[in-house]
Amino acid sequence: MAIMSSRLIRHQFCIEELKKLGAKVISVQGIMIYVKFKIKNIKLEYLYHINPDSTYFLERIKPYVMAVGNFNTEEDIIDIIKIDLEQFKNAMNSKNFKDFIEVDDKISKLVRYFEDLYLYYNISKEDLKLLKDEVNTILNTIIDIKDRSKRVYYKKEPESFKKT
């Protein structure tokens, strides 16, 4: 008779919870898990894996790539995916949703361009200052837009806008 560890039992429970939410779940050797949703015509996909210290690293890979963070348990992963799924379902009701995704894709492209810029080229101090100023302008614009926009989701506080 095979004995399942408590971690494997918890893991199976979490997979079942994700499936109840409508996810297709693919396990790769028990250490990397793909979680896929299709809502309307939008794919919402996540990847999480077990870190060497038995914590979990979660990232959203569709509709755009974003590191979500490290979590202590798979239950934490389920909770954050539930919130993210709920937020995306809400955001999809916006007539601006496709434009937001397009802007996010361009921001991701910007990060890749910037990385190639400093890995492949010797950038002058003046050009680096120019880039820093432009990035600060964009960050300040985002804060200004947030401050004048109506908040629509309250079940979780936005991590990025917390004051440090």
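Residues numbered from 1 in each chain as written. Predicted model: local features only at pLDDT ≥ 70, side-chain atom pairs only at ≥ 80, totals over all residues. Heavy atoms only, no water.

## Considering the nonpolar core
Stated precisely, the cut-off is as follows: Among buried residues, those of type Ala, Val, Leu, Ile, Met, Phe, Trp, Tyr and Cys that are joined through side-chain atoms within 4.5 Å constitute a nonpolar core. When a residue's accessible area, from a 1.4 Å probe over protein chains only, is under 20% of the maximum for its type it is buried; when over 50% it is exposed; and in between it is partly exposed. Numbered from the N terminus, helices here are DSSP runs of H or I no shorter than four residues, and strands are runs of E no shorter than two. Any two residues having at least one pair of non-hydrogen atoms within 4.5 Å are treated as being in contact.
The biggest cluster of nonpolar side chains holds 25 residues, and the ones touching the most others in it are Leu18, Val35, Phe37, Tyr48, Leu58 and Ile81. For this core, the secondary structure elements donating two or more residues are helix 1 (6-20), strand 2 (32-39), strand 3 (42-50), strand 4 (56-62), helix 2 (74-91) and helix 3 (97-120). With six residues, the top contributor of residues to this core is helix 2. Discounting chain neighbours no more than four positions away, the residues touching Leu18 are Ala23, Val25, Val35, Phe37, Tyr48, Ile78 and Ile81.

## Quick notes on the confidence of the model for the chain
To keep it simple, the criterion reads: A residue's pLDDT is simply how confident the predictor is in it, with values from 0 to 100.
Residue-level pLDDT values for the chain average 88, and 94% of them are 70 or greater. No element of the chain has a lower mean pLDDT than helix 1, at 78, and none a higher one than helix 4 (residues 125-148), at 95.

## Regarding the packing of aromatic side chains
We apply this condition: Ring pairs are drawn from Phe, Tyr and Trp, using the six-membered ring of Trp, whenever the two centres fall within 6.5 Å, and their geometry is named by plane angle: stacked under 30 degrees, edge-to-face over 60, tilted for the rest.
Scanning the entire structure with this criterion turns up five aromatic pairs. Aromatic side chains Phe88 and Phe97 sit 6.3 Å apart centroid to centroid with 85° between the ring planes, which places their arrangement in the edge-to-face category. A residue is classified by how much of its surface remains accessible, and Phe88, at 7% relative accessible area, is buried. Looking at Phe97, the relative accessible area reads 7%, which means it is buried. An aromatic cluster of at least three residues, connected via ring pairs, comprises Tyr64, Phe88 and Phe97.

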